[in-house]
Amino acid sequence: MPLIDVPGYPGLSLFYTINPTVDSSTGTIIHDSAPLDLGKPNLVLLHGAFGSSTSFSAQLTRRFGAVEQFSDARLSQSYNLIGIDSPMHGQTKGLDVETHTMQDSADCIIAVLDALQLKSYALVGESMKGCNEAGWIAIKRPNHVRAICLVSPSWHLTPTEVVNSIDEFIPMLVSNKDGKGDQSGNLPDAALEVVENFYFSGISRSSDRRLFFREGVQKRSRGGADLRIIAGAPHLPLATDFSVANRFILAFMSRYYGDV
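Residues numbered from 1 in each chain as written. Predicted model: local features only at pLDDT ≥ 70, side-chain atom pairs only at ≥ 80, totals over all residues. Heavy atoms only, no water.

### A short note on unusual backbone geometry
- The backbone of Gln117 sits at a positive phi, close to 60°, despite the residue not being glycine.
- Along the chain, Gln117 falls in the loop between helix H2 (102-115) and strand E7 (121-126). (Helix = DSSP H or I, 4+ residues; strand = E, 2+ residues; numbered from the N terminus.)

### As for helix H3 (residues 127-140)
- The end-to-end C-alpha distance of H3 is 20 Å, a good match for the 20 Å that 14 residues give at a rise of 1.5 Å each.
- Within H3, 12 of the 14 residues are buried, which leaves the element mostly enclosed by the surrounding structure.
- Three or more residues of H3 are buried, namely Ser127, Lys129, Gly130, Cys131, Asn132, Glu133, Ala134, Gly135, Trp136, Ile137, Ala138 and Ile139. (Expected span 1.5 Å × (residues − 1). Buried < 20%, exposed > 50% of the residue type's maximum accessible area, 1.4 Å probe, protein only.)

### Things to note about the pairing of strand E8 (residues 145-151)
- Both E7 and E8 contribute to a ladder of six bridges, which runs parallel. Looking across to E8, one finds that Glu126 is bridged to Val151.
- Viewed along the sheet, the connection from E7 through H3 into E8 turns out right-handed. (Pairing = 2+ DSSP bridges. Right-handed = clockwise from strand over helix to strand, strands pointing away.)

### Some points on the confidence of the model for the chain
- Averaged over all residues, the pLDDT of the chain is 80; the fraction at 70 or higher stands at 82%.
- When mean pLDDT is taken per element in the chain, strand E5 (residues 42-46) scores highest with 95 and strand E4 (residues 29-30) scores lowest with 69.
- Scored below 50 in pLDDT, residues 58-67 shows 17 contacts in the model against residues more than four places distant or in partner chains. (pLDDT = per-residue confidence, 0-100. Contact = heavy atoms within 4.5 Å.)

### Brief notes about the nonpolar core
- Among the nonpolar cores identified, the biggest contains 36 residues, and Leu14, Val44, Ile84, Leu116, Tyr121, Leu123 and Ile137 are the most heavily contacted of them.
- In terms of residue count, H2 provides more of this core than any other element does, seven residues in total.
- With residues near it in sequence (within four places) discarded, Leu14 still touches Pro2, Leu3, Ile4, Val6, Ile84, Asp85, Pro87, Thr92, Cys108, Ile109 and Val112.
- One finds Leu81, Ala122, Met253 and Tyr256 within the second-largest nonpolar core, a separate group that totals 21 residues. (Core = buried A, V, L, I, M, F, W, Y, C linked by side-chain atoms within 4.5 Å.)

Here it is in C-alpha cells:
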C-alpha cells in the first residue's frame with residue numbers, strides 16, 4: 001500500500017494513489033497501476049470531509065452508478081490523476097492529536113506532493129475540506145499550482161442566507177467583463193471581500209496572507225476564472241453528476257494546459 005511519511009508529524013503516513021484503474025466487475029481500485037507519465041500534466045484530487053481518494057473511483061449505489069474520475073478516459077488519457085487521503089481519513093495512518101487545522105492538512109498534502117517531486121500541478125477540491133486544502137496549497141505553493149477547481153465549496157446543507165449571497169455575488173463576477181463596467185476583467189472590491197471572507201472569515205489575523213490571496217484571486221479572474229452550476233445537483237456532484245462535472249473540469253483545465 002503506497003504511503004509517504006510526513007516530516008514533523010511522527011507516525012503520520014499519508015496514503016496516495018497514482019493513475020489507478022478500477023476493476024469494473026467489483027469496483028475495487030487497483031492502486032499504482034501506472035507510473036507518472038512525464039508527458040502529461042498532473043491533476044491532484046482532494047476529497048471532502050469523511051471521504052477519501054476512493055470518493056473519486058468507488059462503486060456507489062445503483063441509483064448513482066460508478067464514480068469515474070479515475071476511470072473516466074477523458075481525464076485519465078490527458079492527465080496524471082493523483083489521489084491523496086488527508087490526515088485522519090481513508091487509508092492514511094497515524095496522527096493522534098488534539099487539534100488539526102485545514103492549514104495543517106494542506107501542509108501534509110504538500111509534503112506528499114514534494115516527495116513525489118511534482119513541480120507543477122492543478123488541484124480539484126471537493127466540498128468545504130477539499131476546497132480549503134486547495135486554497136491553502138495554492139497560497140503556500142503559488143509557483144507549483146497552475147489552476148484550481150473548487151467543487152461545492154460550502155457546507156453540505158447551505159443556509160438560505162448563503163444561497164441569497166451567492167445570487168447577489170454572481171453578477172459581481174461579470175460586472176467588468178463582456179463589455180460591462182470598465183471592461184478591465186477585474187473583480188470589484190465587494191466581490192473580492194466575499195471570496196476573502198469565505199476563506200478567512202471576518203478575523204483580522206494573517207493580514208499578509210489575506211492580501212496575497214486577494215491579489216491572487218484578482219490576477220486569476222483576469223485570466224479566465226469561471227463559475228459553473230449543475231442545476232439540481234446535490235452537494236457532491238463529482239459523485240452524483242460525474243460526467244457533467246468531469247466535462248466542466250476538462251474545459252476549465254484546457255485554459256491552462258490546452259487540449260492535452
